[in-house]
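Analysis of the macromolecular model
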Amino acid sequence: MIDIFQKVRGRLIVSCQAEEGSPFNSPEGVGAFAQCAAQGGAAGIRSCGIEKTDYLIRHSHLPVIGLTKSHFADGFVRITGSFKEVEALVAIGTPLIAVDGTFRLRENGLTGPEYIRSIKERYAGVKIMSDISTVDEAIACREAGADCVSTTLCGYTPYTTEEAQNGPSLDILRNCVKALPGCPVFAEGRYNTPAEAAQGIENGAWAVVVGSAITRPHLITKWFSEALQQVTIL
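These remarks concern the structure in this document. Small disclaimer: the values here were computed from a predicted structure and weren't measured.

Calculation rules
Residues numbered from 1 in each chain as written. Predicted model: local features only at pLDDT ≥ 70, side-chain atom pairs only at ≥ 80, totals over all residues. Heavy atoms only, no water. 1 Å grid on protein atoms, 1.4 Å probe; cavity = no way out; pocket = protein on both sides within 12 Å on 5 of 7 lines; lining within 4 Å. Points joined across faces, edges and corners; volume = space filled by probe spheres on them. Phe/Tyr/Trp six-rings, centres within 6.5 Å; stacked < 30°, edge-to-face > 60°. Helix = DSSP H or I, 4+ residues; strand = E, 2+ residues; numbered from the N terminus. Buried < 20%, exposed > 50% of the residue type's maximum accessible area, 1.4 Å probe, protein only. Lys NZ or Arg CZ within 6 Å of the ring centre and 35° of its normal. Arc of directions from axis to C-beta. Pairing = 2+ DSSP bridges. Right-handed = clockwise from strand over helix to strand, strands pointing away.

1. What to know about empty space enclosed by the protein
Applying the stated rule across the entire model yields 1 cavity of 30 Å³ or more. For the largest cavity, the full set of lining residues is Gln-17, Ala-18, Glu-19, Ser-22, Phe-24, Thr-215, Arg-216, Pro-217 and His-218.

Here it is, written out as structure tokens:
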């Protein structure tokens, strides 16, 4: 396998995901997103769900970061939250598996870093991207064996919700890069313009992951629609 990290360094990764109710919520639907991403110059794909990830691995020439989604008891999102889900992603040959690396406890009583350490012990050779929301989580996950970290959950944990009110969390990106020399740090979360994506690379990101601004047509439409509703018609 060509090193996924070298293939995406300094490049754009597109998160090709579709939620329930979306007309794109099928393997073929996200596959169409991936095709468009490749045509536009993306270097990698981030995918959610076993069936969709399997489809993208088999039909896209771009490296795929795979994950599953569920929720903690408080309703906040959890990324690849069980060993069963990890095993399923391993079974389909996922090059890089994204895992929730936050300090929140899973049902098995493990924090994110402890969970990652157990994954590394169970599945030889598996490559893990740790999705974190704070620098301390990033450091702990790296020490536990994570191959890289992503800032995607900054703003989406109970103790970082204020971050979601702003644009991308460049401060946490810079601090993670500084705290983890030699570790690929992926910028993800609210990078909604080309200029913001470029800022990610300028601030040390290994690569930048963009989702909603590319693959959520209903959200993009909403942004435009709400902006027009704020304008007084002359």
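2. Some remarks on the packing of aromatic side chains
Throughout the structure, instances matching the rule amount to 3 aromatic pairs. Ring geometry for Phe-83 versus Tyr-115: centroids 5.2 Å apart, planes at 65°, classification edge-to-face. Placement of Phe-83 in helix α4 (residues 83-91) and of Tyr-115 in helix α5 (residues 112-122) is noted, with a sequence separation of 32 residues between them. For the pair Phe-83 and Tyr-115, a shared accessibility class is recorded, and that class is buried. In this arrangement the basic side chain of Arg-122 is found over the ring face of Phe-83, its NZ or CZ atom lying 3.7 Å from the centre.

3. Quick notes on helix α8 (residues 194-202)
Quick reminder: α-helices carry 3.6 residues per turn. Residues three or four places apart thus point the same way. Inspection of α8 places Glu-196, Ala-197 and Gly-200 among the buried residues, and these make up the whole buried set. Looking straight down α8, one finds its buried side chains confined to an arc of 105°; they lie on one side. For α8, the exposed residues set more than 90 degrees away from the buried face come down to Pro-194, Ala-195 and Glu-202. Count one or two residues on from α8 and you reach Gly-204, which has phi positive near 105°.

4. Re the pairing of strand β10 (residues 207-210)
Residues of β10 alternate between two faces, with Ala-207 and Val-209 on one and Val-208 and Val-210 on the opposite face, all of them buried. For strand β1 (residues 12-15) and β10, the ladder comprises 3 bridges, and the chain directions are parallel. The partner of Ile-13 across the bridge, within β10, is Val-209. Relative to β10, strand β9 (residues 185-188) is paired through 3 bridges, and the arrangement is parallel. If you follow Ala-187 over to β10, its bridge partner there is Val-208. Taking the sense of rotation as the criterion, the β-α-β connection linking β9, α8 and β10 turns out right-handed.

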